[in-house]
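Tertiary structure, described
For reference, the chains in residue letters:
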Amino acid sequence: MTLAQQGDGAAYAELLTMLATTVRAYARRRLGETPVIDDVVQETLLSVHAARRSYDPRRPFAPWFYAILSSRLADARRRQRRLASRELPDAMAPEPATPPPVHEVMGFDVASVYAAVDALPARQRAIVRALKLRDESVREVADRLGMSPSAVKVAAHRAYRTLRRLLGDPGR
Amino acid sequence: MRTDELIAALVRDLRPAPPLRSPAIRLGHWIAALPLLSAPGMLAWGLRDDVQGLLEDRIQLTWAAFALATSCAAAWSALKLAVPGTRGVAVAVGSSLAVVALWIASLVSGMNSDTGFAEGSMAWPYPVCIVKVATIAVIPAAALLVMLRQAAPLRTGLTTGMAVLAAAAVGALGTQVACPNAMAAHVLLGHVGPMAAFSILAAAARIVALGTRRT
């Protein structure tokens, strides 16, 4: 961490990789096998990155790091509890509707949707795929593509307009 | 985003980030800057006519000492809270609250010797004094919150509460010097009461974390 504070990228990459492994194992022990493990790992790494100036090289690294990790685990537990409180018991869940055939969703022919997405300019195509197919957040897409979140939203809006023009109303 | 992609992005974003100075040194900086930070508020309200009398009154000086001690202890707690894994945070927070409790106890016991209490004369400048506490405290609070945001407050509510308590205690001290009403009941309800209320409201709003990526 001391090297990272001095701007040493290689040392920082090594540290973060090691921390990711540590967090994953620690979070598994504390939370069990849940889908939120990856979130905890990534949020902890983001927090370490944001907090790196607060680390004092004269003091041991572990208490500093585990305080951050504990805080992120507490967040994850709160999130899990919130989600659990919102989930309906099976008996109360509504009957699932008959799923639409895979070749047609919401009145659109799936193949034509894919073709229309393929026809978009490269950047808009990447954004639509990330937001709608991989379910990434605007912030994640912006970080990955090196754009601002607003620019991502604008590009996505233009892409949706183009898709509407290309596809027309469903069933028409 | 996959974790390896995130690590690559964080490494790309890496810039030299020299470690922050210790909480003790940063507390020293804040205390040293306090006269300057609270000067605009004090200039806006001016001093009470009998400042000399205040300096000669042992009870008034005791309350002023409690205000200063509260401010230092609460700022110390906030700065320690903003460094993950620091030891002694519970002691620091406990000490701050203990000083406030002693201050309040001293004011409550001082109410016995208040004159004019029954006539209600202690009540008149309450709203003005709430504004005085706020205006004198606002710049010290902003400075301390900026210092805290440079670090990594994990318990944002408690950190904010302690920071605003530190600044509002400065506000209460300044108000004591500016306000002509020196009765214990007035100081308790008009100066210390708003200080506590501001701290609790700020803690609930967690303002130290507003507009930042959470640490």
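Report follows, based on the coordinates. (Residues numbered from 1 in each chain as written. Chains lettered and ligands numbered in written order. Predicted model: local features only at pLDDT ≥ 70, side-chain atom pairs only at ≥ 80, totals over all residues. Heavy atoms only, no water.)

**Considering the nonpolar core**
Counting residues in each nonpolar core, the largest one holds 40 residues, and the members touching the most others are W30(B), W103(B), L107(B), L144(B), L148(B), M162(B) and M195(B). Of all elements in the fold, only α2 (23-45), α4 (58-81), α5 (89-110), α6 (126-150), α7 (156-178) and α8 (184-205) of chain B reach the threshold of two or more residues within this core. Filtering out sequence-adjacent residues up to four positions away, L107(B) remains in contact with W63(B), A184(B), V187(B), L188(B) and V192(B). Counting 32 residues, the second largest nonpolar core, distinct from the first, contains L15(A), L19(A), Y26(A) and L10(B). (Core = buried A, V, L, I, M, F, W, Y, C linked by side-chain atoms within 4.5 Å. Buried < 20%, exposed > 50% of the residue type's maximum accessible area, 1.4 Å probe, protein only. Helix = DSSP H or I, 4+ residues; strand = E, 2+ residues; numbered from the N terminus. Contact = heavy atoms within 4.5 Å.)

**Focus: the packing of aromatic side chains**
Residues and elements named next belong to chain A. Applying the stated criterion across every chain yields a total of six aromatic pairs over all chains. With 5.8 Å between their ring centres and 10 degrees between their planes, F61 and F65 make a pair best called stacked. Of this pair, F61 and F65 both sit in helix α4 (residues 61-86), separated by four residues, roughly a single helical turn. F61 sits in the partly exposed class, given a relative accessible area of 21%. (Phe/Tyr/Trp six-rings, centres within 6.5 Å; stacked < 30°, edge-to-face > 60°.)

**Remarks on a positive patch on the surface**
Residue and element names in this part refer to chain A. A surface patch of like charges, here positive, comprises R29, R30, R77 and R81. Of all the elements in the fold, those that place two or more residues in the positive patch are α2 (9-31) and α4. Take R30: it is sitting in helix α2. A relative accessible area of 48% means that R30 is categorised as partly exposed. (Patch = residues over 30% accessible without salt bridge, like charges linked within 9 Å, V, L, I, M, F, W, Y side chains within 5 Å. Areas by Shrake-Rupley, 256 points an atom, 1.4 Å probe, with all protein chains shown as cover. Salt bridge = Lys/Arg side-chain N within 4 Å of Asp/Glu carboxyl O. Lys, Arg positive; Asp, Glu negative; His and termini not counted. Charge placed at Lys NZ, Arg CZ, Asp CG, Glu CD.)

**What about the interface of chain A and chain B?**
Across the boundary between the two partners, chain A contributes 39 residues, which contact 28 residues of chain B. Approximately 2800 Å² of surface area, both sides summed, lies buried where chain A meets chain B, with 63% of it carried by carbon and sulfur atoms. The largest contributions to the chain A side of the interface with chain B come from Q42(A), L46(A) and R53(A), which together make up 22% of the buried area. Our count for the contact surface shared by chain A and chain B stands at zero salt bridges. Applying the counting rule to chain A against chain B returns five residue pairs in polar contact (both at pLDDT 80 or more). Among the secondary structure elements, those contributing two or more residues to the side of chain A that touches chain B are α1 (2-5), α2, α3 (37-50), α4 and α7 (138-145) of chain A. (Buried area = accessible area lost by both parts, 1.4 Å probe. Polar contact = N/O pair within 3.5 Å; in protein donor to acceptor, adjacent residues only side chain to side chain.)

**A word on α2(A)**
All names here are of chain A. Taking 1.5 Å as the rise per residue, α2 with 23 residues should run 33 Å; its terminal C-alpha atoms sit 31 Å apart, in good agreement. With a side-chain oxygen positioned 3.1 Å from the backbone nitrogen of A10, the residue opening α2 is D8. The positive-phi residue at the C-terminal boundary of α2 is G32, with phi of around 80 degrees. (Expected span 1.5 Å × (residues − 1).)

**A short note on the pattern of salt bridges**
Note that side chains of opposite charge can pair when their charged atoms are close. Using the criterion set out here, one finds nine salt bridges over all chains in the structure. Its salt-bridge partner being D75(A), residue R78(A) comes within 2.5 Å of it at the nearest N-O pair. Taken together, the residues R78(A) and D75(A), both in helix α4 and three residues apart, mark about one turn of the helix. Taking relative accessible area as the criterion, D75(A) reaches 10% and is therefore assigned buried. R2(B) serves as the salt-bridge partner of E5(B), at 3.9 Å between the closest nitrogen and oxygen. The class for E5(B) is partly exposed, based on a relative accessible area of 30%. In the salt-bridge network here, residues are joined through shared partners; they are D56(A), R58(A) and R59(A).

**Considerations on the packing of α2(A) against α3(A)**
Residue and element names in this part refer to chain A. Interhelical geometry of α2 versus α3 gives an angle of 135 degrees and a closest axis separation of 9 Å. Viewed along their axes, α2 and α3 adopt a mutual orientation that is oblique. α3 is crossed by α2, and the crossing has right-handed handedness. Contacts from Y12, L16, L19, A20, V23, R24, A27, R28 and L31 of α2 reach α3 at I37, D38, V40, V41, T44, L45, V48 and H49. Considering only residue class, the contact of α2 with α3 consists of 12 nonpolar, two polar and three charged. (Axes fitted to C-alpha atoms, helices over the stretch in contact; angles between N-to-C directions. Parallel < 35°, antiparallel > 145°, perpendicular 65-115°, else oblique. Left-handed = near helix turned anticlockwise from the far one by under 90°. Nonpolar A, V, L, I, M, F, W, Y, C, P; charged D, E, K, R; others polar.)

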